[in-house]
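Coordinate inspection notes
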Amino acid sequence: MSNAINQSPKAVENWMENLKQSKPKVTKLQFYYHNSRNPEMNLSAVQVATAPVFSDQPPYFGVLTITDDPLTVGPEISSKRVGYAQGFYATSSLEEVSMLMGVTFIFTDGEYNGSTLDILGRNPIGERYRELPIVGGSSNNNMIV
Amino acid sequence: MSNAINQSPKAVENWMENLKQSKPKVTKLQFYYHNSRNPEMNLSAVQVATAPVFSDQPPYFGVLTITDDPLTVGPEISSKRVGYAQGFYATSSLEEVSMLMGVTFIFTDGEYNGSTLDILGRNPIGERYRELPIVGGSSNNNMIV
Amino acid sequence: MSNAINQSPKAVENWMENLKQSKPKVTKLQFYYHNSRNPEMNLSAVQVATAPVFSDQPPYFGVLTITDDPLTVGPEISSKRVGYAQGFYATSSLEEVSMLMGVTFIFTDGEYNGSTLDILGRNPIGERYRELPIVGGSSNNNMIV
């Protein structure tokens, strides 16, 4: 999950390999994650609660959003859909735009069709690379984890 | 956690045994999970936030509910209480009724009295069987995990 | 995470050592966790959604709060800041004041500067000691987990 993945997946890979907690056994998944709050165009995220005093400008502290974001094989929203990211984002930093996310990735196509990954963690969207923990998963077909 | 558990716990067991990620060491817990949004009768769940445009009909996308649901030994709400499921549900699918749930099961009776299990994952309630990951737990008495 | 840590970290340690699930390898972190809902003084938590019928008196069932709480080396808010706890609390008990918390601890100083820990679990704040599961973490520097 990275701002840079559109430009260079290799850079993400290099970064991952240099993390101390990397284990030899790794599954690499590449996909594009789309988030639209526009009711006119592929809406996939709705704001459900806010702390009005803070939420009208960055860092948007105190906004809860519920999402069903599409995952695609390519950077274009029109490219083949491979899954969904369903869950919530809570903007929870007073200093930068950063979200505590709880989402399940549901893969609906390809090798991992039927598998899910559950994620809970912080996504400071201003940072070029972000690392979020996978806390669970399931599989009706091939195993990811 | 299954729609079918009321009719046939054995069916759930069979399903679990056929999952590729099943490990030889397994703890089997059977209980009934009640969720009531009726203020007149055993209320255990309250809607706290919504995206009004979407939330008035299925799939109820964008509703956040906070819960303290009773767990009982039998299918009747009046049967012996063995614990609680405390946390939240976020309806997070644009196509079916499905929730991202974050709950702690607190066992208050029997062999596992004092133990907790923490769960984060997706619950697509229209599916007959659902598998949700246990992400943590604690125990003052006998260990579940 | 304990009410008692201000008075006696040793008591927490004793408690931890007696937990059956303790493993020989342990990392001990001691810090103070501040939560202020006062807009006039170090505000770090905002209420974003409520179930009005329940939320105006204990156990405050049905309140969602988003937080960016400071972590410090000492019990005074003015002591050196070592990190933040960003995420949400959902008050989710009908009988006591208890929260389902999802937060990331971000350490910003000292040996673990750059490390994070992700937590999802129940915090019954009336209990003297509370045990919450760490469900993930990351590290750019020294590893905690």
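Quantities reported herein were computed from a predicted structural model and do not represent experimental measurements. (Residues numbered from 1 in each chain as written. Chains lettered and ligands numbered in written order. Predicted model: local features only at pLDDT ≥ 70, side-chain atom pairs only at ≥ 80, totals over all residues. Heavy atoms only, no water.)

**Things to note about the overall build of chain A**
A count of helical and extended segments in chain A gives two helices and seven strands. The helix and strand sequence of chain A, counted from the amino end, reads α-β-β-α-β-β-β-β-β. Here chain A holds 145 residues, and the buried ones make up 51% of them. The long-range fraction of contacts in chain A, counting pairs at least 24 apart against all pairs at least 6 apart in sequence, stands at 47%. (Helix = DSSP H or I, 4+ residues; strand = E, 2+ residues; numbered from the N terminus. Buried < 20%, exposed > 50% of the residue type's maximum accessible area, 1.4 Å probe, protein only. Contact = heavy atoms within 4.5 Å.)

**A closer look at the relation of the copies chain A and chain C**
Expressed as a screw transformation, the operator carrying chain A onto chain C has a rotation angle of 120° and an axial translation of 0.0 Å, and the superposed copies differ by an RMSD of 0.0 Å. Read as a symmetry element, the transformation amounts to a three-fold axis. The fraction of interface residues of chain A whose copies in chain C are also interface residues is only 19%, indicating that the copies meet through different surfaces. (Least-squares fit on C-alpha atoms with pLDDT ≥ 70 in both.)

**Focus on unusual backbone geometry**
The bulk of non-glycine residues show a negative phi, and the bulk of peptide bonds are trans. All names here are of chain A. For the peptide bond that leads from P58 to P59, omega is 10°, which places it in the cis range. Assignment of secondary structure puts P59 in the loop between α2 (52-55) and β3 (63-72). Residue N42 is not a glycine yet carries a positive backbone phi of 55°. Mapped onto the fold, N42 is located in the loop between β1 (32-33) and β2 (45-50). Under the relative-accessibility criterion, N42 is labelled partly exposed at 46%.

**As for the interface of chain B and chain A**
Between chain B and chain A, the residue contacts involve 26 residues of the former and 31 residues of the latter. With both chains or domains summed, chain B and chain A bury close to 2000 Å², and 66% of this area falls on carbon and sulfur atoms. Scanning the region where chain B abuts chain A turns up zero salt bridges. Counting only elements with at least two residues in the side of chain B that touches chain A, the list comes to β2 (45-50), β3 (63-72), β4 (81-91), β5 (98-107) and β6 (116-124) of chain B. Grouping the constituent residues of the side of chain B that touches chain A by class yields 14 nonpolar, eight polar and four charged. (Buried area = accessible area lost by both parts, 1.4 Å probe. Salt bridge = Lys/Arg side-chain N within 4 Å of Asp/Glu carboxyl O. Nonpolar A, V, L, I, M, F, W, Y, C, P; charged D, E, K, R; others polar.)

**Section: the packing of aromatic side chains**
Any pair of aromatic rings gets described here by the distance separating the centres and the angle formed by the planes. Under the criterion given, the structure shown has 15 aromatic pairs over all chains. Considering the side-chain rings of A:F31 and A:F105, the 5.4 Å spacing of their centres and the 85° angle between planes classify their relative orientation as edge-to-face. Of this pair, A:F31 sits in the loop between α1 (9-17) and β1 while A:F105 sits in strand β5 (residues 98-107), and the two are 74 residues apart along the sequence. Comparing A:F31 with A:F105, the two get one shared label, buried. With 5.7 Å between their ring centres and 70° between their planes, C:Y33 and C:F105 make a pair best called edge-to-face. Linking C:Y33 in strand β1 (residues 32-33) with C:F105 in strand β5 (residues 98-107), this pair joins segments that are 72 residues apart in sequence. Note on C:Y33: relative accessible area 25%, which makes it partly exposed. Of the residues examined, C:F105 reaches a relative accessible area of 4% and is grouped as buried. (Phe/Tyr/Trp six-rings, centres within 6.5 Å; stacked < 30°, edge-to-face > 60°.)

**Regarding the environment of B:N113**
With respect to the helices and strands, the residue B:N113 is situated in the loop between β5 and β6. For the pair B:N113 and B:L71, spaced 42 residues apart in sequence, the C-alpha separation works out to 13 Å.

**Considering the confidence of the model for chain A**
Residue and element names in this part refer to chain A. For chain A, per-residue confidence averages 85 on the pLDDT scale, and 82% of positions sit at 70 or higher. With pLDDT under 50 throughout, residues 1-7 is counted as low confidence; its partners more than four residues away or in other chains account for 21 contacts. This prediction of the complex comes with two scores: 0.86 for pTM and 0.84 for ipTM. (pLDDT = per-residue confidence, 0-100.)

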